[in-house]
Each structure stands twice: as structure tokens, then as C-alpha cells.
Amino acid sequence: MKPIFIDCDTGVDDALAILAALQSPQVEVLGISTVAGNVEADAAFRNTLAVLELVSADSIPVAKGMEAPLTRTLTTAKEVHGESGLGNLTLPDVAGKGLTEHGVDFLIRTVKQSDRPVTLVLLGPLTNMAVALKKDPSIANNIAELVIMGGADAAGGNVTPVAEFNIYVDPEAARIVLESGLPTRLVTWDVCLDAWLTEAELKELEQSAEPAANVAHELIQFLRTLYNKDHSALSDPAAMCALLDESVIESERLPIEVETAGTVTRGMTVIDTRPFATVPVTSDARPRVQVARKLYRERFAAVFMNALMRK
């Protein structure tokens, strides 16, 4: 089993990704840190604990991290995830649960204490990760890779025409993380538009004997009702499934920069897809990461559902 650590701002799609990881025999979730993003930090912390409680996985440690972006005022997405952040789910009482340790310190400690390199799955704004790298750069020595749901390519973003939410919320943190030199896979918003389930697949989740599948069905139905669509993009599950099975996504190593100074371009991930730009040159200091270029819907659905239903 591959050891992973999840950092998230638990709204609906984060919860779905967490459920898939918990159910999968391929990964071991060492811990979860939460960050302000989809909802405020306290709500993200509570929601994460509630998701674990709903599927009897409350032994996994959770710690609350940064409550605001590095330099900016927090922007949330409650209009998408509901006032609680978890749609219409009835949440169990989790008062007093979770760690008192700060999420950044917990992330650092977990990575450094692991006897194997850890894969970090980053599903929210990158504030916790940026602070961790600044506070203790040595954690890079025991990180296998970063799998990030964030950014947008030519198809545009979900907050502005050029910016995806996680990067928009804290572009300064995103720049620090993407310039860290750590092996990174970036699952961008535009490829996540192909991550969805059919009516028949949703029916399977609803009828499954696995509580995680039933919870997932309820969360996805909330999104479908919200958008009044037959299907809704499942962005964080797409990133998690790309970790569980690399064949879900095709990616390419590309130069990338994050716009922090712009007004209308705040949080834009400038991904250079020009053919000649893929050839590294000495004078080009831009970071290069594995950027998702295509997602195969059927493979995504199979990996996601098999994890949820423990097939």
C-alpha cells in the first residue's frame, strides 16, 4: 500500500475523494490536514471528521491547518458546496474530536516520521503545503510526489475565465509549491470536466452495501441538483483516481507559472504548451510539472466506483 497524506478544504468533492482513498486497498491514509477554502477552516475540519465518522474511519488523525491564505482575504465556495460544505448530508456530532496539533505541524511530522516516502494529495488551496515547505524544507527528502487538484489550461477556470478555485484562493502559496522542485502531478479543472458518472453508475452506488458508496451517491446527487445537470464534474475524485491508477489521465511535463500580480488574471496557471517550450533550455528557469492533458471518463468511473464499493 502506498502511504498518502491528504490536505483538503473539505467540501463535497473533497469528501468524495477522501471516501475513495479510504476504501481503496492501494493506499494507506496516514492522516489529513484541513485548510480554509471551500469553507472556513473550522467547517473544513468538522466536515472531514464527519466524513470519517460516517464510514467508521474515525481512527485516521485529522488536524486543522491554516485559516486564511498567505496574504489575501479568504474566498469560499459555499454557493457550490452548501452552507455546511457537505450539501444536504446530516452530519454527526464530532465535537472534541481531531488533533489539537496545528495541521502544518502535523503534515511535517507525519512526512518526517514515515518509514517510506509519502505522496501528498493536495485538494484545496495550497496554503498548508507552502507554509510547511517554508517552515521545514527537509520534508522534501521524504516526499514521493505531490498530486494536486488545481489550475486550468486552455478551457479556462471555474472562478474566472482563467483561474481555477484552489489556485485563485491562494496564488502566492501555489507559486511556492509549484516552484519547490518536488515531483508534481497537476490535475487541472479542464480535464476534470470529463470526470462524471452516468445514471446507471450512480444507481450502483445507491444500491451498494458499502456505506461509503451510499454517502457518495447522496453527495453527487446534491451537485446534480445544484447545477440542474445530468452529470457534474468530480474534480477532487479525478485527482485521487489519477493517483490510484495512472492510466486514468494522460499528462505531459510542461513549464508552468502562477500569476500573482494580475487583477483580472489572478491565480491563472500559465501552462506553456507550445511545442518548442517542452524542450528544457538552460536559460528557462520556469518550473516543470506533469500537467494533465486528457482524462478517460470510463477509466475514471471504473477506478472511482471500484474503490467506493471495494471491488
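Described below are features of the structure shown in this document. (Residues numbered from 1 in each chain as written. Predicted model: local features only at pLDDT ≥ 70, side-chain atom pairs only at ≥ 80, totals over all residues. Heavy atoms only, no water.)

## Some thoughts on the sheet that holds strand β1 (residues 2–8)
- Judged by pairing direction, the sheet is mixed, and its 9 strands sit side by side in the order β3-β2-β1-β4-β5-β6-β9-β7-β8 without closing on themselves. Each edge of the open sheet is held by one strand with a lone partner, namely β3 (62–64) and β8 (269–271). With strand direction ignored, the average angle separating the axes of adjacent strands in the sheet is 30°.
- In terms of strand pairing, strand β7 (residues 249–258) meets strand β9 (residues 288–295) through 7 bridges, oriented antiparallel. From the neighbouring strand, L254 faces β9, where its bridge partner is V289.
- Helix-sheet contacts for helix α4 (residues 103–113) involve β1, β2 (27–34), β3, β4 (118–122) and β5 (143–149), and the interaxial angle to β2 is about 155°. (Pairing = 2+ DSSP bridges. Helix = DSSP H or I, 4+ residues; strand = E, 2+ residues; numbered from the N terminus. Axes fitted to C-alpha atoms, helices over the stretch in contact; angles between N-to-C directions. Contact = heavy atoms within 4.5 Å.)

## As for the nonpolar core
- Core analysis: the largest hydrophobic core is formed by 66 residues, its most contacted members being I6, L197, L205, F300 and F304.
- It is helix α1 (residues 12–23) that provides the largest number of residues to this core, a total of 9 residues.
- Here L197 is in contact with L202, L205, I220, H231, L234, R297, F300, A301, F304 and M305, once residues within four sequence places are set aside. (Core = buried A, V, L, I, M, F, W, Y, C linked by side-chain atoms within 4.5 Å. Buried < 20%, exposed > 50% of the residue type's maximum accessible area, 1.4 Å probe, protein only.)

## A few points about the side chain of D9
- Relative to the assigned elements, D9 resides in the loop between β1 and α1.
- Buried and without a salt bridge, D9 has R266 as its closest oppositely charged side chain, separated by 12 Å.
- A polar contact of 2.7 Å, which involves the side chain of D9, links it to the backbone nitrogen of N38.
- What D9 contacts, discounting residues up to four positions off in sequence, is D14, V35, A36, G37, N38, V39, A44, L123, G124, P125, F165 and N166. (Lys, Arg positive; Asp, Glu negative; His and termini not counted. Salt bridge = Lys/Arg side-chain N within 4 Å of Asp/Glu carboxyl O. Polar contact = N/O pair within 3.5 Å; in protein donor to acceptor, adjacent residues only side chain to side chain.)

## A closer look at the packing of aromatic side chains
- Scanning all chains against the criterion turns up 2 aromatic pairs.
- Here the basic side chain of R266 rests over the ring of Y168, its NZ or CZ set 4.0 Å away from the ring centre.
- Just above the ring of W196 sits the side chain of R297; from NZ or CZ to the centre is 4.6 Å. (Phe/Tyr/Trp six-rings, centres within 6.5 Å; stacked < 30°, edge-to-face > 60°. Lys NZ or Arg CZ within 6 Å of the ring centre and 35° of its normal.)

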